[in-house]
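Architecture at a glance
Now for the letters of each chain:
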Amino acid sequence: MEGKTVYMFPGQGSQSVGMRSRIGAMTEEQKELFSTADYVLGFHLSELIDEGPDEELTRTSNTQPALLVMGIAFARGLDCRGHRADIVMGHSLGEYAALVHGGVIEFRDAVRIVRRRGELMEKAVKNTPGKMAAVIGAERAKVEALIAECAKDGVIEITNFNSPVQVVLSGETAAVNRAVSLINDGGIGKAVELNVSAPFHSSLMRPAAEEFRGFLDGFEFRPPRVEFIDNVTGMMERDPANIKNKLVLQLSSPVQWERSVTTAVDAGAATFIESGPGAVLAGLVKRIAKDRTIMTGEKALKNA
């Protein structure tokens, strides 16, 4: 199928110790990415990625730069094998790798930004206790009615619109616990608690978002070289000031992934490649645009 190619960059949850092996034989340019990240951070991130321990790699402030570098390394590998991104987009944290590949942010700046983003999210865990749960196979209207009822127990919101059959709830612990029980016991769908430590992408994250805004002010953003789709609206965005503002809003706003994929399809996307370890985004896109060519990064690198 002729048409545009999308590089989509995954977020937290895609990491694993030893994940650099999924890239295959690396070029000098790819190796330099990891060396640069080590230098910018002041510690051996590469060693942590290769050897762990897992509990250190899964610390948010470490996971975020690790997945950023992995996403860019995959993208450089895809480019070397003849692929070219006409459209870039990322899921939550993955948006930063999309912006680096799209020429909006310098790689070194992005490493500093996501490290700070991770630190602020860790801080939010202490100040804003809460949890998240994925809901699979439930009618959207029924989920919305249910969370309106559970809101009596605290803040609860839909914070990821991942596909027609999957959303994520985020909020205060009591409200999310009640929603999980009602969904599973009532036969509405399947609700699974996520292994995260705070109610990310909910309104409870606004204090962290405002602190992040001040930090982002010190970085230069440029217009994207290719089409870029943001998480907050799920639409195309070209203005650097708007992109920077949406990265702040993203911390306390729902991730509009389903709409993002639809926007890409409407713009002529024929091929979606997950530029990073794992297959989470490829799986979601299959639920939204099953008639397109959809590949994991690993498969695209091996088949080129």
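Now for a quick tour of the structure. Note that the coordinates shown come from a computational prediction; the quantities given were computed from them, not determined experimentally. (Residues numbered from 1 in each chain as written. Predicted model: local features only at pLDDT ≥ 70, side-chain atom pairs only at ≥ 80, totals over all residues. Heavy atoms only, no water.)

**Some details on the overall build of the protein chain**
In terms of helices and strands, the protein chain carries 13 helices and nine strands. Computed over C-alpha atoms, the radius of gyration of the protein chain comes to 19 Å, within 12% of the 19 Å expected from 2.2 N^0.38 for 304 residues, which places it in the range of a compact globule. When the backbone C-alpha atoms are referred to their principal axes, the protein chain occupies close to 55 × 45 × 35 Å. Each of the 304 residues in the protein chain was classed as buried or not, and the buried ones make up 55%. Expressed as a percentage of contacts within the protein chain between residues at least 6 apart in sequence, the contacts between residues at least 24 apart total 75%. Summing over all exposed atoms, the protein chain offers an accessible surface of approximately 12,500 Å²; the carbon and sulfur share of this is 48%. (Helix = DSSP H or I, 4+ residues; strand = E, 2+ residues; numbered from the N terminus. Rg over C-alpha atoms; globule rule 2.2 N^0.38 Å. Buried < 20%, exposed > 50% of the residue type's maximum accessible area, 1.4 Å probe, protein only. Contact = heavy atoms within 4.5 Å. Areas by Shrake-Rupley, 256 points an atom, 1.4 Å probe, with all protein chains shown as cover.)

**Considerations on the sheet that holds strand β6 (residues 190-193)**
Strand order in the open sheet formed by four strands is β4-β5-β3-β6, and the pairing between neighbours is antiparallel. Strands at the two margins of the open sheet, each flanked by one partner only, are β4 (156-163) and β6. Along the sheet, successive strands turn relative to each other by an average axial angle of 25°, direction set aside. This element, helix α7 (residues 140-150), spans β3 (131-136), β4 and β5 (166-171) of the sheet and lies at about 160° to β4. (Pairing = 2+ DSSP bridges. Axes fitted to C-alpha atoms, helices over the stretch in contact; angles between N-to-C directions.)

**Side note on the pairing of strand β2 (residues 87-90)**
Side chains Ile 87 and Met 89 project from β2 onto one buried face, and the interleaved Val 88 and Gly 90 project onto a second face that is buried too. Of the pairings in the sheet, the one linking strand β1 (residues 4-9) to β2 comprises four bridges and is parallel in character. Bridging from a neighbouring strand, Tyr 7 pairs with Val 88 of β2.

**Some words on the sheet that holds strand β8 (residues 269-274)**
Pairing is parallel across the open sheet formed by five strands, whose spatial order is β7-β2-β1-β8-β9. Among the strands making up the open sheet, the edge pair consists of β7 (227-228) and β9 (293-296). With respect to the sheet, helix α4 (residues 60-80) is in contact with β1 and β8, its orientation differing from that of β1 by roughly 155°. Contacts between helix α5 (residues 94-101) and the sheet are confined to β1, β2 and β7, with β2 contributing the most and set at about 155° to the helix.

**Quick look at the side chain of Asn 231**
With respect to the helices and strands, Asn 231 occurs in the loop between β7 and α10 (240-250). Within polar-contact distance, the side chain of Asn 231 engages the backbone nitrogen of Ser 92 at 2.7 Å. In this structure the side chain of Asn 231 is engaged in a polar contact, spanning 3.3 Å, whose partner is the side chain of Gln 250. Contact partners of Asn 231, with chain neighbours within four places excluded, come to Gly 90, His 91, Ser 92, Glu 95, Gln 250, Pro 254, Val 255 and Gln 256. (Polar contact = N/O pair within 3.5 Å; in protein donor to acceptor, adjacent residues only side chain to side chain.)

**Overview of unusual backbone geometry**
A cis amide bond links Gly 52 with the next residue in sequence, Pro 53, at an omega value of 10°. When you line up the elements, Pro 53 lands in the loop between α2 (45-51) and α3 (54-57). With phi around 60°, Ser 92 is a residue other than glycine that occupies positive phi space. Among the structural elements, Ser 92 can be located in the loop between β2 and α5. Residue Ser 92 is classed as buried on the basis of its relative accessible area of 12%. Of note, His 201 is a non-glycine position whose phi angle comes to about 65°, a positive value. As for its placement among the helices and strands, His 201 is situated in the loop between β6 and α9 (206-216).

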